[in-house]
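Residue-level structure breakdown
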Amino acid sequence: MATLLIPSSYRCDCGHECDFSEGTVNEMKKMSQRKKVRLGADDDKHTIIFYRGEATEILCPEVGACEIEGWE
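The model shown is predicted, which means the values in this text are computed figures rather than measured ones.

**Considerations on the pairing of strand 6 (residues 54-60)**
By the bridge criterion, 5 bridges tie strand 5 (residues 47-51) to strand 6 in an arrangement that is antiparallel. Paired with Thr 47 across the strands is Leu 59, a residue of strand 6. Counted between consecutive antiparallel strands, the loop separating strand 5 from strand 6 contains 2 residues, among which Arg 52 sits at a positive phi close to 55 degrees. Pairing analysis gives 4 bridges linking strand 6 to strand 7 (residues 64-67), with the strands arranged antiparallel. Within strand 7, the position partnered with Ile 58 by the bridge is Cys 66. What sits between strand 6 and strand 7 in their antiparallel hairpin is a turn of 3 residues.

Next up, the structure:
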């Protein structure tokens, strides 16, 4: 299960940390109120999925889809 480290950083099950600015994450949360949106990580391999105002999962090339802890 992936982990939210701080409001704008996430750790994938493979161990990779995806760090973003809080402004970027807040904008993605707003955009995701009605549809799923994707945010690519700095490694060009991981993608954070936002839905209904929250980060819900990380897409990883090694592990596949990882649900982010705390998402209901």
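**Regarding the state of the cysteines**
Two cysteines, two sulfur atoms, one covalent bond between them: this is a disulfide. By the definition in use, this model includes 0 disulfides. With no disulfide of its own, Cys 14 lies closest to Cys 12 among cysteine sulfurs, the gap being 3.7 Å. Judged by relative accessible area, which is 29%, Cys 14 ranks as partly exposed.

Basis of the calculations
- Residues numbered from 1 in each chain as written.
- Predicted model: local features only at pLDDT ≥ 70, side-chain atom pairs only at ≥ 80, totals over all residues.
- Heavy atoms only, no water.
- Pairing = 2+ DSSP bridges.
- Helix = DSSP H or I, 4+ residues; strand = E, 2+ residues; numbered from the N terminus.
- Disulfide = S-S within 2.5 Å.
- Buried < 20%, exposed > 50% of the residue type's maximum accessible area, 1.4 Å probe, protein only.

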